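Here is what each chain is made of, one letter per residue.
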Amino acid sequence: MTTSPPASDLGVLRRNNVSVTGDAAARPIVFAHGFGCSKEMWNVVAPQFEADHRVVLFDAVGAGSSDLSAYDPAKYDSLHGYADDLLEILDTLDLRDVVFVGHSVAAMVGVLAATHDPSRFGALVLVGPSPRYVAEEGYPGTFQQADIDGLLDALDANYLGWSATMAPLIMGNLDRPELGEKLTESFCSVDPGIARHFARVTFLSDNRRDLAGVRTPTLVLQCSEDAIAPTPVGRYVHEQIAGSRFVQLSATGHCPNLSAPDELVEEIRAFLG
Amino acid sequence: MPPDIAGDLSRPDDTDTELFEHAPCGYLTTTPDGIITRVNRTFEKWTGHRREAIVGTPFMDLLTTSGQLFHETRYAMVLRLAGEVREVALNVECADGTELPILVNAIAVLGDDGEPVSIRTAVFDATERQDYERQLLAARREAEASEARVRVLQDATSAFGAAESAASLALALAESARVALRATTAAVLLAEPDGDLALAAGEEETPALLDAGLRGLAHHAIESGEIVAITSLDQARSIVPGLDDALHERRLAALTIAPLRTSTESFGVILCFFGRDRASDPETRDMQAALARQAAQILRRIRLQGELEHRALHDQLTGLANRKLLGERLEASIATAARSGRPLSLVFLDLDGFKAINDDLGHRVGDQVLVEVAGRLRSVARGGDLPARYGGDEFVVICDDADASAGAVIAERFRSEVRRPLTSVPARYTIAASIGVVTWVPRSGDAVSADRLVRVADEAMYSSKHGGRDRVTSVTL
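**As for the sheet that holds strand β14 (residues 432–440) of chain B**
Picture the strands of a sheet paired through backbone hydrogen bonds; they go either parallel or antiparallel.
Residue and element names in this part refer to chain B.
Now for step 1: With mixed pairing, five strands are arranged side by side in an open sheet as β12-β13-β11-β14-β15. The strands lining the two open edges of the sheet, one partner per strand, are β12 (386–391) and β15 (471–476). Between one strand axis and the next, the sheet turns through 20° on average, direction left out of account.
Now for step 2: Two elements, β14 and β15, share six bridges in a ladder whose sense is parallel. Residue pairing in the sheet places S434 in a bridge with R471 of β15.
Now for step 3: Lying on the sheet, helix α15 (residues 404–419) is in contact with β11 (344–352), β13 (394–400), β14 and β15; it crosses β14 at an angle near 165°.

**Topic: the confidence of the model for chain A**
Interpretation of the predicted coordinates at a detailed level should be avoided for regions scoring low in pLDDT.
Residues and elements named next belong to chain A.
Now for step 1: Summarising the model, chain A shows a mean pLDDT of 86, and 86% of its residues fall at 70 or more.
Now for step 2: The low-confidence segment residues 1–5 (pLDDT under 50) makes five contacts with residues lying over four places distant or belonging to another chain.
Now for step 3: Here residues 161–185 is a poorly scored stretch, pLDDT under 50, and it has 17 contacts once near neighbours within four places are set aside; other chains count.

**Some details on the pairing of strand β4 (residues 99–110) of chain B**
Residue and element names in this part refer to chain B.
Now for step 1: Pairing of strand β3 (residues 84–93) with β4 involves eight bridges; the strand directions are antiparallel. Bridged to E93 within β4 is E99.
Now for step 2: In textbook terms, the turn of a hairpin is the stretch between consecutive antiparallel strands, and for β3 and β4 this stretch comprises five residues, one of which, G97, has a positive phi near 90°.
Now for step 3: As paired strands, β4 and strand β5 (residues 116–125) are joined by nine bridges and run antiparallel to one another. Bridging across to β5, A106 finds its partner in T121.

**Notes on the domain arrangement of chain B**
Now for step 1: Examined at the domain level, chain B breaks down into domain 1 (3–145), domain 2 (149–311) and domain 3 (323–476).
Now for step 2: Each of domain 2 of chain B and domain 3 of chain B has a C-alpha centre, and these two points are 45 Å apart.

**Overview of unusual backbone geometry**
Now for step 1: The phi torsion at E225(A) lies on the positive side, around 50°, for a residue other than glycine.
Now for step 2: Residue classification places E225(A) among the partly exposed positions, given that 14 C-beta atoms sit within 10 Å.
Now for step 3: Here D401(B), not a glycine, exhibits a phi torsion of approximately 55°, which is positive.

**A look at the sheet that holds strand β7 (residues 197–202) of chain B**
Residue and element names in this part refer to chain B.
Now for step 1: The strand order across the open sheet built from five strands is β7-β6-β10-β9-β8, with neighbouring strands paired in antiparallel fashion. The strands lining the two open edges of the sheet, one partner per strand, are β7 and β8 (228–230). The sheet shows a mean angle of 20° between the axes of neighbouring strands, taken without regard to direction.
Now for step 2: The pairing of strand β6 (residues 185–191) with β7 spans five bridges and is classified as antiparallel.

**A short note on the interface of chain B and chain A**
Now for step 1: Counting residues at the interface gives 42 residues for chain B and 44 residues for chain A.
Now for step 2: When residues of the side of chain B that touches chain A are traced back to their parent elements, those giving at least two are α5 (65–82), β3, α6 (127–161) and α7 (166–180) of chain B.
Now for step 3: Top contributing element to the side of chain B that touches chain A by residue count: α5(B), with 15 residues.

**Let's talk about the environment of C399(B)**
Residues and elements named next belong to chain B.
Now for step 1: The residue C399 is located in strand β13 in this model.
Now for step 2: Judged by C-beta crowding, with 25 C-beta atoms within 10 Å, C399 ranks as buried.
Now for step 3: For the pair C399 and A23, spaced 376 residues apart in sequence, the C-alpha to C-alpha distance is 100 Å.

**A few points about the nonpolar core**
Now for step 1: V101(A), V109(A), L124(A), V125(A) and L126(A) are the most contacted members of the largest nonpolar core, which has 108 residues in total.
Now for step 2: Not counting the four nearest positions on each side in its chain, V109(A) is found in contact with A32(A), L79(A), Y82(A), A83(A), L86(A) and G102(A).
Now for step 3: Core analysis: the second largest hydrophobic core is formed by 56 residues, V188(B), L197(B), A200(B) and F267(B) among them.

How each quantity is defined
- Residues numbered from 1 in each chain as written.
- Chains lettered and ligands numbered in written order.
- Predicted model: local features only at pLDDT ≥ 70, side-chain atom pairs only at ≥ 80, totals over all residues.
- Pairing = 2+ DSSP bridges.
- Helix = DSSP H or I, 4+ residues; strand = E, 2+ residues; numbered from the N terminus.
- Axes fitted to C-alpha atoms, helices over the stretch in contact; angles between N-to-C directions.
- Contact = placed C-beta atoms within 7 Å.
- pLDDT = per-residue confidence, 0-100.
- Domains from an automatic or database assignment.
- Buried ≥ 20, exposed ≤ 12 C-beta atoms within 10 Å, placed from the backbone.
- Core = buried A, V, L, I, M, F, W, Y, C linked by C-beta atoms within 7 Å.

What follows is the structure, encoded as structure tokens:
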């Protein structure tokens, strides 16, 4: 396999804007955000673990305050690139028996990391996971290719709209320096070009085969009425991961970490015992 | 205040209710979870949805599927975290099935405890803006894509142009293709003289994948001249059972194979491997085809150059090294011997009886004899020896690391090999070799010239000739 030169410790932590809080001696819990947001999406949930866990948050490359210059399109053309970053973070901080909490696509990133190198993982908590978004015969995916293309249009319309970036473009400012500043100003900031690519990678990946390789104790947390990852998909994930636990949340929508943080915390704690 | 304006303010259509219902924008209120509690007439009018039908249902349900994707992965999160969103572009599915592009501003209304109690949402018709922006974006995408294509090909051109060997070209091609196609990894396979494909650069797992089923596909790409694409593991399994597992083990899910060929010649393939399902879109194929075409032209140039160089340094008739290459190699061998202190032998052969064949049977038969002799010298020389045609019916062999006795043994092998009956002439014609061997044993500070070694070996050969032919004379310097 092609391998990149080992990033320095500081490089990894800066690249992914890693923050570590809580009890340094306690069991580590790592929260990973999904497509469209940044580590800020854990703002309500993560602090509730600080009393008895070492809490690690990070931004995927391309999101939040990550190092955008580290974005290698070939590396991040599959979720394995993100999984490798996660493993590097765990290595750099030398974390063991990690509780990994991944939301949405980050749940699959956790699955890929834990199947590639299970040694550092103690538990996987998959919040609204989906190994494949596009529908196929015999698989309960929700979307068609056209919907994904529509999402790309929506990204264009929202990130590359006239007011935001068209004016400087037409005035000849092709490298868009203002974006760097803008990214840190708003919540869940993402680089538009990267968001577009990440959307493709997220919604056009098929990682169903990887589920069977999971040997880490796993909790699947399924929201009600989740349009992105509906209950049959969550059940599918649960069935494919031997010994996993499935919990149907009363929270609705795709983001229980924001809409029902207390229920989410409660279920994670119940699973960890 | 002028009376007419005061009069306006009191007109019935300016009551708060009328202002709300017929505002020049759609307006709706939802619970913090997005369940619609109120909508105004403008929204009803624009979307065709009657309030009785949509109050009590999620706002998100009114959106197109892709709008829902955006809503759930971004809109809802930002609204929750920041308390407001501004000018978000979404598409509403109207009651009649058409789509209405809208721009949305929404703000969370907070209760005394700081928690949101409701969401106020203003909706603007963005049809015109969207059409306009779409066109601009489409034009921009196209410009960016073609700029990227040109850049990739330009970079490739300079990287390929700097390549002086097939190996360095392969390295540049694998890297260019990996970057251009956003491939997890790439590999270049070049055809060996026997037609086998050998890894020239890139992904080290490729040979194992060839054994797992890729070899047939690579040959298919070469023979058909077309790009072969496997877009998913399921497709891999349906083409070659087991190939899917071999790919998955290596964290790969899709691949493309493009042949490296010009209109007349075929050189091998460039493979790109992907870590996820990858549809084979026209842009990617065009890009890969362009890179492959460019690389094939350079490979052709390198091959021609190689042939020219080979021709310049080899005897056309026998394929042995010519005098020029002999001179270069002898200089190098002397330098090596001087450095290492190991002996070096030079064998000089002149054929006896060749002139009669040439005179009696003609030059063509003479040429055949020379080819046959050259083949025999090649076959009995040691692995590292360099047999060369010195001119006419004279041959010279450089034997590195051979002392006087080793030189004599090698020369004796040549002598008896040349004596064997020839296949290309009648049995009454026989040839033999007069051979001179010079062995140079370097001592520190000692030097010898290539000319001198050749001259001494030549003189030793003449001793053999004068001594009765078909024999070996050895000299040590």
